[in-house]
Amino acid sequence: MQDVDLLVRAEFLYPITDGMPVIPGGEIAILKDRIVYAGPEKPAGSWRATRTIDGAGKAVLPGFVNCHCHTASIIFRSQTDDHAAKSALFDVAFRMEKDVGEAEWQLLGEVGCADMLRAGITTINDIWYSPQHLAETVERSGLRAQIANKVFDVHLEELRLGDYTRYPAQGEKRLRDGVAFVEQWHGAAGGRISARIGTHATDTCSPELLREARAEATRLGVGMHIHAAQSLGETEHILAAHGCGPLEYLRDVGMLAEDVVLAHLSVTTDADLDAVRDSGARYAHCPTIYPRRGRYPRLEDILARQIATGFATDWMMNDPFEGMRNALNAMRLRTGDPNALSCEQALWFHTMGAARVLALDSEIGSLEPGKKADLIMVDLDRPHLQPYYGGYSALVYYAKSSDVVTSIIDGEVVLADGRPTRLDQAGALAAMAGRVANWRGKLGALGSKAVFGPGCPCCG
Ligand SMILES: [Zn+2]
């Protein structure tokens, strides 16, 4: 009989290990923050567990890894989903975000962290404003996170005018703040929090700033995080300014390396993708935002080059199940092949694949002895999931993030009955409710078409 702290049973266990088995009647034994056993249920009397969580009617899988996100960006929910190309994103979001205060970002991050947890996300990779506030909330919430300060040397609010004037002092200040954040938070919260240097995008940082940021990341021994080939506008700007694609450009300024997370790769040439492959840089693929913007990355060409790829939510929407389904739908429509992406692959990309993108695959992403105990339980006893036959299609096509009832990170229950155990979700939502009228007014003043809607569809 072996002493363990926590024993989690599963009607169906999805360990996301080699061969992608599904184990009916499985269990996971946890000692402190690590898994000591994950497999078929052992005979009675094998464990003396301080606590046992019953697995009847539950699927158990690794927590989702979200390898590119902006937790506090939920302020823009419904505001940049439509009219995004040159209006909502540039006219509304970029002009609004510069006037959002620290306390507001803190509150948004708190609700965002609660949303990540209740969606079954156990690890995030965030690049945004006020990283210290997010780090404090992450520490409190029990989430695992990599966090970066958003570094850029343009005025984002001027991009709508095509104005790419550089403000070197602003870039330097943001980079110094990012370095100070790394020095304070890398390895904090018992190792749950690590830090990156977060250069915002290929076109919003000058080559000088990118080079300096690269040097600082290397000096500090941390990775980097950047949006790359996100839009046609960015790609056209880089082509006009530097005569090449955005990934060739990042290679030429010396930034690409294995420790770089590249979000999007939506508008790329073969030469761009070859540059990524040759560098070993890693790719965060965000399946929910791309269809909304009308352009899906060449995922089949990215995977053919064996570029390390993981799934992510990007901003505003945090449902990994929706993301996996969007990827399946998009790839099948793109290629005309009904087997273009499998449910096993989709779930792998949101767990092991994303962990690999963050260089955390030796610690998280699958349920194996020696790994961190980061796992979630999905309640199968729901009409939209029954009859549940096991397998990957049952989970990936039919489950919703609201079916996640329990999350465990570092061996600790951080979500129980679908609610964060360490965050005051009700208090944060009440505080947010008190801000909505103010935000609605600001968004409306910036011309948001989504505040009150465009009017009657037939008479305008
Ligand atoms: Zn993003």
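Residues numbered from 1 in each chain as written. Predicted model: local features only at pLDDT ≥ 70, side-chain atom pairs only at ≥ 80, totals over all residues. Heavy atoms only, no water.

Moving on, we come to the pattern of salt bridges. Working definition: two side chains of opposite charge can pair if their charged atoms are close together. Within the structure shown, the criterion is met by 35 salt bridges. Between R176 and E172 there is a salt bridge whose closest N-O contact spans 3.0 Å. In this pair, R176 and E172 are both assigned in helix α4 (residues 168–185), four residues apart and thus about one turn of the helix distant. A relative accessible area of 29% places E172 in the partly exposed class. Here D278 makes a salt bridge to R277, at a shortest N to O gap of 3.0 Å. Given a relative accessible area of 38%, R277 falls into the partly exposed group. Each of D270, D274, R277, D278, R298, D301 and R305 takes part in a single network of salt bridges with overlapping partners. (Salt bridge = Lys/Arg side-chain N within 4 Å of Asp/Glu carboxyl O. Helix = DSSP H or I, 4+ residues; strand = E, 2+ residues; numbered from the N terminus. Buried < 20%, exposed > 50% of the residue type's maximum accessible area, 1.4 Å probe, protein only.)

Here we take up the coordination of the zinc ion. Coordination of the zinc ion by the protein comes from H68 (NE2), H70 (NE2), H227 (NE2) and D314 (OD), over a distance range of 2.1 to 2.3 Å. Along the chain, the residues donating to the zinc ion are arranged with the sequence spacing H-x1-H-x156-H-x86-D. Here H68 is found in strand β6 (residues 64–70), whereas its partner H227 is found in strand β10 (residues 224–228), with 159 residues between them in sequence. The burial state of H68 is the same as that of H227; both residues are buried. (Donors = N, O, S within 2.8 Å, 3.2 Å for Na, K, Ca; no water.)

Within strand β9 (residues 193–199), seven of the seven residues are buried, which leaves the element mostly enclosed by the surrounding structure. On β9, burial covers both faces: I193, A195, I197 and T199 on one face and S194, R196 and G198 on the other are all buried. Taken together, the seven bridges between strand β8 (residues 144–151) and β9 define a ladder with parallel strand orientation. Counted as the bridge partner of N149 is I197 from β9. Handedness of the crossover joining β8 and β9 through α4 is recorded here as right-handed. (Pairing = 2+ DSSP bridges. Right-handed = clockwise from strand over helix to strand, strands pointing away.)

Their axes nearest at 11 Å, the elements α4 and helix α5 (residues 207–220) cross at an angle of 15°. Relative to α5, the element α4 lies roughly parallel. Regarding α4 and α5, the two cross each other, and that crossing is right-handed. Here G171, E172, L175, R176, V179, V182 and E183 of α4 lie close against α5, whose contacting residues are L209, E212, A213, E216, R219 and L220. Taken together, the residues that form the contact of α4 with α5 break down as six nonpolar, one polar and six charged. (Axes fitted to C-alpha atoms, helices over the stretch in contact; angles between N-to-C directions. Parallel < 35°, antiparallel > 145°, perpendicular 65-115°, else oblique. Left-handed = near helix turned anticlockwise from the far one by under 90°. Contact = heavy atoms within 4.5 Å. Nonpolar A, V, L, I, M, F, W, Y, C, P; charged D, E, K, R; others polar.)

Turning to the nonpolar core, a few remarks are in order. Formed by 134 residues in total, the largest nonpolar core has its most connected members in L250, L262 and L395. A domain-level breakdown of this core finds at least three residues from each of domain 1 (2–62 + 368–420) and domain 2 (64–301 + 313–325). If sequence neighbours within four positions are ignored, L395 has contacts with Y14, A59, L61, F321, L347, V378 and Y388. The next biggest cluster of nonpolar side chains, apart from the first, holds 18 residues, and it includes L6, L13, V60 and V413. (Core = buried A, V, L, I, M, F, W, Y, C linked by side-chain atoms within 4.5 Å. Domains from an automatic or database assignment.)

Moving on to the domain arrangement of the chain. We note that the domain assignment places domain 1 (2–62 + 368–420) and domain 2 (64–301 + 313–325) within the chain. Between the C-alpha centres of domain 1 and domain 2 the distance comes to 32 Å. Buried surface at the junction of domain 1 and domain 2, both sides included, amounts to about 1,500 Å², of which 61% is carbon and sulfur. Among the residues domain 1 hides against domain 2, the three largest losses belong to V396, S401 and I409. Together they make up 33% of the total. At the boundary of domain 1 and domain 2, one finds two salt bridges. (Buried area = accessible area lost by both parts, 1.4 Å probe.)

A rise of 1.5 Å per residue sets the reference length of α4, with its 18 residues, at 26 Å; its end C-alpha atoms lie 25 Å apart and thus fit the reference within 8%. Of all the positions in α4, only Q170, G171, L175, G178, V179, F181, V182 and W185 are classed as buried. Considering only its buried residues, α4 is in contact with α3 (131–141), β8, β9 and α5. Looking one or two residues past α4, G187 carries a phi angle of roughly 90°, positive in sign. (Expected span 1.5 Å × (residues − 1).)

Turning our eyes to something else, we now look at the packing of helix α11 (residues 320–335) against helix α13 (residues 391–398). Following both chains from N to C, one finds α11 and α13 inclined at 105°, their axes separated by 7 Å at the closest point. Classified by the interaxial angle, the pair formed by α11 and α13 is roughly perpendicular. Here α11 contributes F321, M324, R325, L328 and R332 to the contact with α13, which in turn contributes L395, V396, Y397 and Y398. Residues belonging to the contact of α11 with α13 are distributed by class as follows: seven nonpolar, no polar and two charged.

In this section: unusual backbone geometry. Following Q386, the chain continues to P387 via a peptide bond in cis, the omega torsion being -5°. Within the fold, P387 resides in the loop between β15 (375–379) and α13. Of note, the phi angle at D410 is positive, near 55°, even though the residue is not glycine. Relative to the assigned elements, D410 resides in the loop between β16 (404–409) and β17 (412–416).

Summed over the entire model, instances satisfying the criterion amount to 16 aromatic pairs. Members of the aromatic cluster, each reached through a chain of ring pairs, are F76, W105, W128, Y129, F152 and W315. The positively charged end of K42 is found above the aromatic ring belonging to Y37, 4.6 Å away from the centroid. (Phe/Tyr/Trp six-rings, centres within 6.5 Å; stacked < 30°, edge-to-face > 60°. Lys NZ or Arg CZ within 6 Å of the ring centre and 35° of its normal.)

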